[in-house]
Each structure stands twice: as C-alpha cells, then as structure tokens.
Amino acid sequence: MGIRIQVENFGDKERSIRYSFVDKYYTYALHMHQFIELFVLLEGELEITVDGKSEIMKPGQGAVILPYQSHKYYSKVKNKAAIFLFSQASMPDFYRAIHGKLADEFVFSLEESSLDSLQKRILNSKSISMYDLKGALYYILGDFLKQSTLVSAPKKANLPSGIMNYIIDHIAENISLVALAKSLGYTPHYLSGVINNLFNMNFSKFLCIYYIIFTEFVNRIIHRFLCLDTQKLLKNCIYVLKN
C-alpha cells in the first residue's frame, strides 16, 4: 500500500490550529502532510511509526510529527487521545526551533503541569478559544523540546518537503522529473528511485494524484468563496498550502 498525501486548507493563518478528541480503536494508514501534528495519548496503548521507526505509546505520552514525515498509527485496544494539527505560521517560535532539524526521539512524556493545562484548557472546557489551544500547545511542546535532542536534518531527509514544495511552487506549469531533480541537486534517475521508495509509485502517477488532490482542494475553495478570479485564487491556494 502506498503512502497517502494530505492537502489541507487552514484558512486564516492566525486560526490555523485544529484539535480533535479520539475515543476509539485508533488506527490510521501511512500518510504525510505539510502541517505539524501533536498526538497525546490519554488512555490505552498504540503503536506509532514515523519515517519507518516504531514506538509503543503509553498514557501520558505525546508524539510530535514534523512536516512531511511519513507516519501511521495502529492499536489493538480502545484509545482516548488529543490530536492537534497546526501550521508553521500558527506557532512560529516552535517552528523556528525545529526548522531544518529532526528529533532523535519523537515520543516524549508530558509533565504534570502540561497534563493539567490540557485538562483545564481543552479536555474539560465547553468553549475552547485560540488562546486555550496555543496555551496548551506551548506547555506540551516545551516538554518535547526539553526531552528531545534536535539534530540537523541530512539533505536526504528534506527530500519529501523539497519535492512537495517544488510542486506547489510550479503547480501552474508543466512539471518534469528533470526540472524537479535539477532544482533539488539530484539526477533524474536517482530522484525517480527515491519517489518510488517514498510513495510506492512512479513520478508520473505521483504527479497525477497530486494534481487531482490539488484540483479537489481548489474546487472546495471555489465553492466556499465563489471566487471568479482564477489567477488570484491560484495564488491564494498556493499561499495556504505553504503556510
């Protein structure tokens, strides 16, 4: 089975945080996306795999998945969890800390103060504001930064991000494997093999699927805003995808 690529519209970059509460057997197939994901396990046990490395999560632990890291979840028991998806623009301090880096460990333990903030601001609140979301995130992400060692990401580790960003930047053009490879500093033959390994499909099929996803994304925006200025629409869509 290939990797699933997700394209999301966060809208206003100041309100670019999504929160959801999970109360089920949580299993999610291999996928990647352009936003940062924070997963906090409250009850149960599950296996999380990030870039091919698997860890068993216990209650009170969190996991941070950085942009374009492939990841999946698998559980044999019922779970309760809090999931946050946020853009780079919504938490600029955190993004500056992790930009161009990888964490030696993506699973970490939440301190009591962070769990308390999560309970008060989010889990037990009937009305959650953007300030509540950011407040809880700062506590938890602080735990992650204190417990994880960040190292510079090797060039190869940045390939998924480089591939996706090039396609977004040139979405209105005829994109070729040769041009993409040249922009990233690789030979077309090598990059073709990397794409096959990353996405389990050749470049042409990968590009076709991305065009379909992007077209569906644009159509949602058209229906939402009834925008007739296609050039402006395209620029807005590209801005949203990259932020």
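Numbering of residues begins from 1 in every chain and follows the order in which that chain's sequence is written. Local features are withheld for residues below a pLDDT of 70 in this predicted model, meaning they are given only at 70 or higher, and side-chain atom pairs are given and counted only at 80 or more; totals for whole chains, interfaces and linings count all residues. Values reported for side chains reflect all heavy atoms of the structure, with hydrogen atoms and water molecules removed beforehand.

### Structural notes on the environment of Arg96
Spelled out, the test is: The helix count covers DSSP runs of H or I at least four residues long, the strand count covers runs of E at least two residues long, and both are numbered beginning at the N terminus. Each residue is placed in one exposure class: buried if its accessible area under a 1.4 Å probe, protein chains only, is under 20% of its type's maximum, exposed if it is over 50%, and partly exposed if it falls in between. Under this definition, polar contacts are N or O atom pairs within 3.5 Å; protein pairs additionally need one hydrogen-donor-capable and one acceptor-capable atom, and for neighbouring residues in sequence, both atoms have to be side-chain atoms.
Counting through the fold element by element, Arg96 comes out in helix 1 (residues 92–98). For Arg96, a relative accessible area of 57% corresponds to the exposed category. Of the polar contacts made by the side chain of Arg96, one reaches the side chain of Asp93; its length is 2.3 Å.

### What about the packing of aromatic side chains?
For the record, the criterion: What counts as a ring pair is set by centres within 6.5 Å for rings of Phe, Tyr and Trp (its six-membered ring), and what kind of pair is set by the plane angle: stacked under 30 degrees, edge-to-face over 60, tilted for all other angles.
Counting across every chain of the model gives 8 aromatic pairs. On the numbers, 5.3 Å between centres and 40° between planes, the contact of Tyr19 with Phe84 is tilted. Of this pair, Tyr19 sits in strand 2 (residues 17–24) while Phe84 sits in strand 9 (residues 79–86); the two residues are 65 residues apart in sequence, bridging distant segments of the chain. Each member of the aromatic cluster is reached from another via a ring pair, and the members are Tyr26, Tyr28, Phe39 and Tyr73.

### Quick word on the sheet that holds strand 4 (residues 36–43)
Rules: Strands were regarded as paired on the criterion that DSSP finds at least two bridges between them. To define axes, lines are fitted to C-alpha atoms, for helices over the stretch in contact only, and angles between the resulting N-to-C directions are given on a 0 to 180 degree scale. Here a residue-residue contact requires only that any non-hydrogen atoms of the pair lie within 4.5 Å.
Spatially, 5 strands are ordered 2-9-4-7-11 in an open sheet, and the strand pairing comes out antiparallel. This sheet does not close on itself; its edge strands, each paired only once, are strand 2 and strand 11 (107–109). Geometrically, the sheet is characterised by an average inter-axis angle of 20° between neighbouring strands, direction not taken into account. Of the pairings in the sheet, the one linking strand 4 to strand 7 (residues 61–65) comprises 5 bridges and is antiparallel in character. Residue Leu38 lies in a different strand from strand 7, and its bridge partner there is Val64. Running over the sheet, helix 3 (residues 130–147) touches strand 2, strand 4, strand 7, strand 9 and strand 11 and is turned about 100° from strand 11.

Taken by themselves, the reported measurements are silent on function.
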